[in-house]
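What follows is the residue order along each chain.
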Amino acid sequence: MITREDIRELAQFQFNEQEACALSFYFQPGRPQNKSHREESILAKDLVRNALREVEKNGKNGCARADLDRILDLAGSLHGNQARAKAVFASGRQNFWREFDLPPQLPGTQLFVNRRFHLKPLAVLLGAQPHLWVALVDRHKARFFDLRLDELTEREGFFRPLPHRGRSDGFGGYDGGHSQRSVNDEVLHHFKNVAEHLREAQEKGIFEKLIIGCHDSSWHDFEPHLHPYVKKRLLGHFPADVGNMTNDQAARILHESLDQRRHALVREVLSQAKSNNRGVTGLRRVLRSLELGEVQSLLIGDNYRAHAVECTACGHLDAHMVRHCPACGRSTRELEDVCDAILPIAIHRNIELFYVKDDPEFDQVGNIAALLRFRTDQSKGSRITAAS
Ligand SMILES: [Zn+2]
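Treat the numbers as computed from the prediction; the structure is a model and nothing was measured. (Residues numbered from 1 in each chain as written. Predicted model: local features only at pLDDT ≥ 70, side-chain atom pairs only at ≥ 80, totals over all residues. Heavy atoms only, no water.)

Turning our attention to the state of the cysteines. As used in these notes, a disulfide is a covalent bond between sulfur atoms, one from each of two cysteines. Taken as a whole, this structure holds one disulfide when the rule is applied. The partner cysteine of Cys-21 in its disulfide is Cys-63, sulfur to sulfur 1.9 Å. Here the disulfide of Cys-21 and Cys-63 is left-handed, its torsion about the S-S bond being about -100°. Placement of the pair is Cys-21 in the loop between helix 1 (4–12) and strand 1 (22–27) and Cys-63 in the loop between helix 2 (40–58) and helix 3 (65–77), with a sequence separation of 42 residues. Given a relative accessible area of 2%, Cys-21 falls into the buried group. On the accessibility criterion, Cys-63 (10% relative accessible area) is buried. (Disulfide = S-S within 2.5 Å. Helix = DSSP H or I, 4+ residues; strand = E, 2+ residues; numbered from the N terminus. Buried < 20%, exposed > 50% of the residue type's maximum accessible area, 1.4 Å probe, protein only.)

For helix 10 (residues 339–348), a buried count of eight out of ten residues is recorded, marking the element as mostly surrounded by other parts of the structure. The complete set of buried residues in helix 10 reads Cys-339, Asp-340, Ala-341, Ile-342, Leu-343, Pro-344, Ala-346 and Ile-347. A positive backbone phi angle near 60° is found at Asn-350, which sits one or two residues after helix 10.

Attention shifts here to the coordination of the zinc ion. Think of it this way: four donors in a tetrahedron around the metal ideally sit 109.5 degrees apart, and six in an octahedron ideally sit 90 or 180 degrees apart. The protein atoms that coordinate the zinc ion are Cys-311 (SG), Cys-314 (SG), Cys-325 (SG) and Cys-328 (SG), at distances of 2.2 to 2.3 Å. With four donor atoms in place around the zinc ion and angles of 99 to 121° between them, the coordination shape is tetrahedral. Site description for the zinc ion: donor spacing in sequence, C-x2-C-x10-C-x2-C. A residue pair is termed long-range when its members are at least 10 positions apart, and Cys-314 in the loop between strand 13 (308–311) and strand 14 (317–318) and Cys-325 in the loop between strand 14 and strand 15 (332–335) qualify at eleven residues. (Donors = N, O, S within 2.8 Å, 3.2 Å for Na, K, Ca; no water. Tetrahedral: all angles 85-135°; square planar, octahedral: opposite > 155°, others 65-115°.)

Right, here's the structure in full:
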């Protein structure tokens, strides 16, 4: 499986050539109900053969040839009914070749030959999935899971030692009450331990976001023990049995929580942008905020594409199709899709990334927006105001 570090490596990969030497190949196995569709492996081979023909026809992208041949071989070994999707990133000239298995949730089988790796399918899978923990907590136990690409991996957990059963059990009255109190103390102690464990894990950077599964009756008692920093990382809580948690359940919860988060974020960014506060909309402003290091979360329309230019010297991105960089004066080159340049920046800088689907209001503001950590122009503005 692909790791976060793998993706960061892909995002940071530098291509200095003028030629398009970076190959990104995604293979999505076909679903059995799509019988009318062509077998995916045949489709994959066709894609590669077409790309090879293009290379020969144009006499360009010679650097991609050897990699295309190799991917053609690989495509021959893939099957439409395999359980996992596959991604290959290659740049032969720089001796770079990486193959990854992915969950079979790609938009389709695709091949890209460009100056950068095409990372959108990965970003869709992973962009909004930072190191995520699911903690299941009840009055006796706590279990912790890593959730990555819809797969749960259990980490260490712990149990509260079972209470000693004294003679007074079953008699009720004063002793029964006493025993009940000590059980409550033990539960409280257990909750404190769990909260402390989460605080330590968060401090060590073992998780970035957290989902807690806990029945409402216990949540009231447990939640006050969570450290404020841990609470900040909490995506949400849901009722769940500690003994009983499947990948599907966790993935569903994650997706629901991400959907809610995305929905709330879109509303927040739009309102922040309207009030000229911590939100910006439209490509020009988003690019500016990215360059200023202001962006905390980035929202991109699912089908968003836009032309832009990129400075060949300083990397400045500009929504205006200018021939010379406004920042350094060197020549620019055209980008067919500015997202190819934005995604690596977002991944590299750990910017939270969401794709937005079917949202008319988001569509109206240009299908790209960002929530900002701070706003440089306004902090300057307030200083001026304060000085005057
Ligand atoms: Zn420049």
